[in-house]
Amino acid sequence: MSEVSDLLSTDIEQYLRQHETKSLLRFITCGSVDDGKSTLIGRLLYEAKSLFEDQLAAVEADSKRWGTQGGDIDFALLVDGLAAEREQGITIDVAYRFFTTDKRKFIVADTPGHEQYTRNMITGASTADVAVILIDARKGVLTQTRRHSLLVSLIGIRKVVLAINKMDLVDYSEEVFLDIEGKYREFAKDLGLEDITAMPLSALRGDNMLAHSENTPWYTGPTLMAFLESVELDETRRQKEVFRMPVQWVNRPDLDFRGFSGTISSGMVKPGDAVRAQPSGRESRITRIVTANGDLPLAVAGQSITLTLADEIDISRGDVLSAATAPAEVADQFECTVVWMAEEPMLPGRAYLLKIGALTLSATLAEPKYRINVNTLEHLAAKRLDLNEIGVCNVAMDRAVPFDPYDRNRDTGGFILIDRMTNHTVGAGMLHFALRRSHNIHVQPVDVDKAARAAQKQQRPAVLWFTGLSGAGKSTIANLVDKKLHALGRHAYLLDGDNVRHGLCRDLGFTDADRVENIRRVAETAKLMVDAGLVVLTAFISPFRAERAMARGLFAEGEFVEIHIDTPLDVAEQRDVKGLYGKARRGELSNFTGIDSPYEPPEEAEIRIDTVSASVEASADRVIARLRELGLIE
């Protein structure tokens, strides 16, 4: 490095021990385009002596090539690592930098200011303790300032530094500073941001960065570095909350040891404390706190530990250990805020994977109650959420989970959404509260179950899911299979796409969102009919793999048989007795599968029927033969 502490050069081991025990502060910088975020971080790295000599030489060379400060060092180039960022003079991706001082270690995330990079900012802010919101003293509070403040409040960051930057360009005016501070505080009240520290800065000149500036004698608050070195960590606050530890691993190296490993999310714990395992509700007491360096008498939020209990309790990965006197709530339906982070829109009713803590489960989102205009904070009507949009909606999970509201505990109240087909993260969410119906509505046990009904009919219930393009022959073949099952004495029922839209789904159109809801309703109906012991045939285009996977997930192993009626588009179009393809080609019919809406063919269907080479009769016989092979028909 350009300069290092004397201790580093004389006693490296002592230096590393001191470094290891320092607290770690994570913070983000955010603001409008060209407010000086990257310059501010670059100045901090430079002043903290956290640059190697070759880095300093490189930035000096880059300043001559890319810089905007004449012959001076352009500190922004220490952070703006992408060529596109350097060419445009803006930040695009989240840039993380580590530096340290004698008092504390830091990880800073430089987040992009443009609206189209909202998801990048959410990613950078998700683990931060402090947000440094920059404002150009010449421009004051802008629309992007409001948007970033909204995101900061949503993500749960409680401490804000209002960095009024470029004070050198307004002659270090106290009047300008106070005017901007007053307007920001008035706006921030509505967002619940109260812990705000305003500072007059010039990141480029170094004013009030490490030492108080002679140019602002009227400012008596802390410098930026002094504030960052002394501000209370969120981890410290979490240690004062009630105990929570999501179980990440059931640790059983041998027959004589069984512990539960995880990172304490909040509170503290010691041997003898009573804890409750959730969602089961079983209680026990802590006997040991085990770590790689030996047992501990006390563990606090942020520590990774293994707990052993006095009683044998069935606990699995994803469960939560809570203080017995103040356990987490348990529910399966919630109101939540969702930030959508995928190019494909959020479709209400579609099943996504939801990961909360160490638990991954299936969940569906309802139609948004509203979306938030991130620039004006208005609540706007919405049918779905698109990339970078934020909305409030209900989420239903396939099982009850322990949780805390996100504003109390990020770990047990925050989640991500994952696309079931691609495994891409498509959204992030914050739980508000459990819906009342999640506590009041329970599964009613019945004495006559599916097995009894199936035995009465002397058959194995199942759903035969016919899928394919319009005109492929789904309904025709399914109808013939239904007749053959009837002739064999099987109790079956055919749910046809057109027939269902005359009643159960008559309120739905053909947008992607309506198609998802259409298949969700049909799948749930088929599930009830299978529970009644029937063989159910469904003839629907069902164009999306995600919805067919959702339908399959409703049934027991072996009960769902996907039948792909595989017909080329040109052949299906030639068979079009309804004239639908012609209307779609002429632009009279929108969202038509195969024309302006995609069809995603099955990748591993149990049965594939090629209707080009096989007749309807032969196709139906092939389905019956395959059902015999699968053991669904004796």
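The structure this text deals with has already been given above.
S.K.: Could you give me a rundown of the sheet that holds strand S8 (residues 249-254), with the residues and numbers involved?
M.R.: The antiparallel open sheet is built from seven strands, whose spatial order is S7-S15-S11-S12-S14-S9-S8. With one partner strand each, in any of the chains shown, strand S7 (244-246) and S8 form the two edges of the open sheet. Direction aside, neighbouring strands of the sheet carry axes that sit 40° apart on average. For strand S11 (residues 274-278) and strand S12 (residues 283-290), the ladder comprises three bridges, and the chain directions are antiparallel. Following the sheet pairing, Ala274 is matched in S12 by Arg285.

S.K.: Residues and numbers for unusual backbone geometry, please.
M.R.: Cis rather than trans, the peptide bond between Gln278 and Pro279 has omega equal to 20°. Examined against the element boundaries, Pro279 turns out to sit in the loop between S11 and S12. With a phi angle near 60°, Asn208 is a residue other than glycine that sits in the positive phi range. Within the fold, Asn208 resides in the loop between strand S6 (195-200) and helix H9 (224-230). Residue class for Asn208 comes out buried when judged on its relative accessible area of 1%.

S.K.: Please set out empty space enclosed by the protein residue by residue, giving values where relevant.
M.R.: Overall, the coordinates contain three cavities of 30 Å³ or more when judged by the stated rule. Of the voids in this model, the largest cavity is the one considered here, and its volume is about 80 Å³. Taken together, the residues of the lining of the largest cavity break down into six nonpolar, three polar and two charged.

S.K.: Which residues make up the pairing of S6, and what values do they have?
M.R.: Burial analysis of S6 places five of its six residues in the buried class, the great majority of the element. Note that strand S5 (residues 159-165) and S6 share six bridges and pair parallel. Bridge assignment links Val160 to a residue of S6, and that residue is Ile196. Taken together, S5, helix H8 (residues 174-189) and S6 form a β-α-β motif whose crossover is right-handed.

S.K.: Please set out the side chain of Thr538 residue by residue, giving values where relevant.
M.R.: Inspection of the secondary structure assignment puts Thr538 in strand S26 (residues 535-539). Beyond its immediate stretch of four places on either side in the chain, Thr538 contacts Val463, Leu464, Trp465, Phe466, Leu495, Val522 and Ala526.

S.K.: How would you explain the packing of aromatic side chains if you had to name every residue and give the values?
M.R.: Under the defined criterion, the tally for this structure stands at 11 aromatic pairs. Their ring planes at 15° and their centres at 4.7 Å tell us that Phe99 and Phe106 sit as a pair that is stacked. The structure contains a cluster of three or more aromatic residues connected by ring pairs, namely Trp465, Phe540, Phe555 and Phe560. When the ring centre of Phe510 is taken as origin, the NZ or CZ atom of Arg501, which lies over that ring, is 4.0 Å away.

S.K.: An account of helix H7 (residues 143-155) is needed here, citing residue identities and associated values.
M.R.: Given a rise of 1.5 Å per residue, 13 residues ought to cover 18 Å, and the 19 Å separating the end C-alpha atoms of H7 matches this to within 8%. Counting buried residues in H7 gives 10 out of 13 residues, a clear majority hidden from the surface. Along H7, the residues classified as buried are Gln144, Thr145, Arg147, His148, Ser149, Leu150, Leu151, Val152, Leu154 and Ile155.

S.K.: Please set out the nonpolar core residue by residue, giving values where relevant.
M.R.: Formed by 40 residues in total, the largest nonpolar core has its most connected members in Ile28, Val152, Ile157, Tyr184 and Leu193. When neighbours within four sequence positions are excluded, Leu193 is seen to be in contact with Ser149, Val152, Ser153, Ile157, Val160, Tyr184 and Ala188. Counting 29 residues, the second largest nonpolar core, distinct from the first, contains Cys336, Leu385, Val395 and Val516.

S.K.: I'd like to hear about the sheet that holds strand S24 (residues 462-467), residue by residue, with values.
M.R.: In any sheet, the strands associate via hydrogen bonds between backbone groups, in a parallel or an antiparallel arrangement. In spatial order, the strands read S25-S26-S24-S27-S28; together these five strands make up an open sheet with parallel pairing. In this open sheet, the two edge strands, each paired with only one partner strand, are strand S25 (492-496) and strand S28 (607-610). For this sheet the average axis-to-axis angle between neighbouring strands, irrespective of direction, equals 15°. Across five bridges, S24 lies against S26 in parallel orientation. Each residue of the ladder has a partner; that of Leu464, found in S26, is Leu537.

Procedures and definitions
Residues numbered from 1 in each chain as written. Predicted model: local features only at pLDDT ≥ 70, side-chain atom pairs only at ≥ 80, totals over all residues. Heavy atoms only, no water. Pairing = 2+ DSSP bridges. Helix = DSSP H or I, 4+ residues; strand = E, 2+ residues; numbered from the N terminus. Axes fitted to C-alpha atoms, helices over the stretch in contact; angles between N-to-C directions. Buried < 20%, exposed > 50% of the residue type's maximum accessible area, 1.4 Å probe, protein only. 1 Å grid on protein atoms, 1.4 Å probe; cavity = no way out; pocket = protein on both sides within 12 Å on 5 of 7 lines; lining within 4 Å. Points joined across faces, edges and corners; volume = space filled by probe spheres on them. Nonpolar A, V, L, I, M, F, W, Y, C, P; charged D, E, K, R; others polar. Right-handed = clockwise from strand over helix to strand, strands pointing away. Contact = heavy atoms within 4.5 Å. Phe/Tyr/Trp six-rings, centres within 6.5 Å; stacked < 30°, edge-to-face > 60°. Lys NZ or Arg CZ within 6 Å of the ring centre and 35° of its normal. Expected span 1.5 Å × (residues − 1). Core = buried A, V, L, I, M, F, W, Y, C linked by side-chain atoms within 4.5 Å.

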